[in-house]
Structures are given as C-alpha cells and as structure tokens.
Amino acid sequence: MSVLRVRKPEWVEENRSNPLRDWDGREQISATTYKRAVTQYKTTRKAILQVFAAEPADIRLTRAEEIGRAYGEAFNQLDRRSGFIETVEREELFAALDHIVNEAEALYGPGLEDARDSLISGAESVRDW
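Residues numbered from 1 in each chain as written. Predicted model: local features only at pLDDT ≥ 70, side-chain atom pairs only at ≥ 80, totals over all residues. Heavy atoms only, no water.

The geometry of helix α2 (residues 31-54) relative to helix α3 (residues 57-82) is characterised by a closest axis approach of 10 Å and an angle of 175° between their N-to-C directions. It follows that α2 is roughly antiparallel to α3 by the angle criterion. Together, Thr-33, Arg-36, Ala-37, Gln-40, Thr-44, Ala-47, Ile-48, Val-51 and Phe-52 of α2 and Arg-60, Arg-63, Ala-64, Ile-67, Ala-70, Tyr-71, Ala-74, Phe-75, Leu-78, Arg-81 and Ser-82 of α3 make up the contact between the two elements. (Axes fitted to C-alpha atoms, helices over the stretch in contact; angles between N-to-C directions. Helix = DSSP H or I, 4+ residues; strand = E, 2+ residues; numbered from the N terminus. Parallel < 35°, antiparallel > 145°, perpendicular 65-115°, else oblique. Contact = heavy atoms within 4.5 Å.)

Given below as structure tokens:
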C-alpha cells in the first residue's frame, strides 16, 4: 500500500461510508459519471445534514422534499447522457438517500421518518430512472 496524500478527517468520513463507491469501475458507468454521481451524493448529504443542523422542525420536511427533487433531477441529467441507471443502480440511489437520513438520525436523534419520506418523495416526483 502507498499513501499518495493525506486527507482531512472530514473527507475520510464522507468517503468511508459513501454508498456509491461500488460504482467505481462498474462496466456501464464511466469514470466521469461516477465522479459526478459521487459529487451529487455529497451535495445531497451536505444539504440534508445542514437542514437538520440549522432549520426549524416545521421547515425540514419542505426542504427535504426540495433536496430530493434536486437529487432526482441531477441523476436524470446524468442518466440522459449515458443511460447507466438500471434496476440495481436505482435501488442503490434510493439506498443512498436512506443512508443520508440514517446518518442524520445518528447525529440529531431518531424520528426522522417523515423527513426520509419527504426526501424520497421529492426524488420520486421527478425521476426518469
């Protein structure tokens, strides 16, 4: 094993538990698509964690749905380019949303099922995959 560069603890934490890391090198997923998918996952993760850290409870569900829509639209765009999202990838994309909410629950306490539903509902409302 060789270490090419030192990473910040935040980077290690984000990437250690990245649910899309199995996409790296997958046959129908180019390196560029993989990088864009991971970037979108990180953007969504950061947005959700910020919502739960800073937003009042009455605004969280609305913001979670907006973030879910943005996630769905971003993956619509990626899929239009190469058509890589098949059944397995679709399931993994929704599992990634679950993973984000699970992480938020670990940080901010249990009981975020409504937020999970709003996030998934937002993605479902716009997705073409």
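The discussion continues.
Core analysis: the biggest nonpolar cluster contains 31 residues, and Leu-20, Trp-23, Ile-48, Phe-75 and Leu-93 have the highest contact counts within it. With nine residues, the single largest contributor to this core is α2. Excluding residues that lie within four positions of it along the chain, Ile-48 makes contacts with Ala-64, Ile-67, Ile-100, Ala-104 and Leu-119. (Core = buried A, V, L, I, M, F, W, Y, C linked by side-chain atoms within 4.5 Å. Buried < 20%, exposed > 50% of the residue type's maximum accessible area, 1.4 Å probe, protein only.)

With 22 residues, helix α4 (residues 87-108) should cover 32 Å at 1.5 Å per step; its first-to-last C-alpha distance of 32 Å lies within 8% of that length. Burial in α4 covers these residues: Glu-89, Glu-92, Leu-93, Phe-94, Ala-96, Leu-97, Ile-100, Val-101, Glu-103, Ala-104 and Glu-105. Summarising the contacts, the buried residues of α4 are in contact with α2, α3 and α5 (113-126). Positive backbone phi, at 105°, marks Gly-109, one or two positions downstream of α4. (Expected span 1.5 Å × (residues − 1).)

To continue, consider the pattern of salt bridges. For the structure shown, the criterion picks out 10 salt bridges. Taking the shortest distance from any N to any O, the salt bridge between Glu-89 and Arg-26 comes out at 2.9 Å. Here Arg-26 lies in the loop between α1 (9-16) and α2 and Glu-89 lies in helix α4, a separation of 63 residues in the sequence. Of the residues examined, Glu-89 reaches a relative accessible area of 3% and is grouped as buried. The closest approach of N and O atoms between Glu-103 and Arg-45, which form a salt bridge, is 2.5 Å. With Glu-103 in helix α4 and Arg-45 in helix α2, the pair connects residues that are 58 residues apart, well separated along the chain. (Salt bridge = Lys/Arg side-chain N within 4 Å of Asp/Glu carboxyl O.)

With that settled, consider the environment of Ala-74. Inspection of the secondary structure puts Ala-74 in helix α3. Note on Ala-74: relative accessible area 15%, which makes it buried. Once the C-alpha coordinates of Ala-74 and Ala-115 are considered, the two residues, 41 residues apart in sequence, prove to be 20 Å apart.

Once that is clear, we can look at the side chain of Glu-105. With respect to the helices and strands, the residue Glu-105 is situated in helix α4. With a relative accessible area of 18%, Glu-105 lands in the buried category. A distance of 3.2 Å separates a polar atom in the side chain of Glu-105 from the backbone nitrogen of Leu-112. Apart from the residues within four sequence positions on either side, Glu-105 is in contact with Pro-110, Gly-111, Leu-112, Glu-113 and Arg-116. (Polar contact = N/O pair within 3.5 Å; in protein donor to acceptor, adjacent residues only side chain to side chain.)

Turning our eyes to something else, we now look at the packing of aromatic side chains. Under the criterion given, the structure shown has five aromatic pairs. Geometrically, the ring pair formed by Phe-75 and Trp-129 is edge-to-face, given 6.4 Å between the ring centres and 80° between the ring planes. Of this pair, Phe-75 sits in helix α3 while Trp-129 sits in the segment after α5, and the two are 54 residues apart along the sequence. Among the aromatic side chains, those forming a connected cluster through ring pairs are Trp-23, Tyr-71, Phe-75, Phe-84, Phe-94 and Trp-129. A cation over an aromatic ring shows up here: Arg-127 above the ring of Trp-129, its NZ or CZ 5.5 Å from the ring centre. (Phe/Tyr/Trp six-rings, centres within 6.5 Å; stacked < 30°, edge-to-face > 60°. Lys NZ or Arg CZ within 6 Å of the ring centre and 35° of its normal.)

Everything listed here is a matter of coordinates, which is why it stays silent on function.
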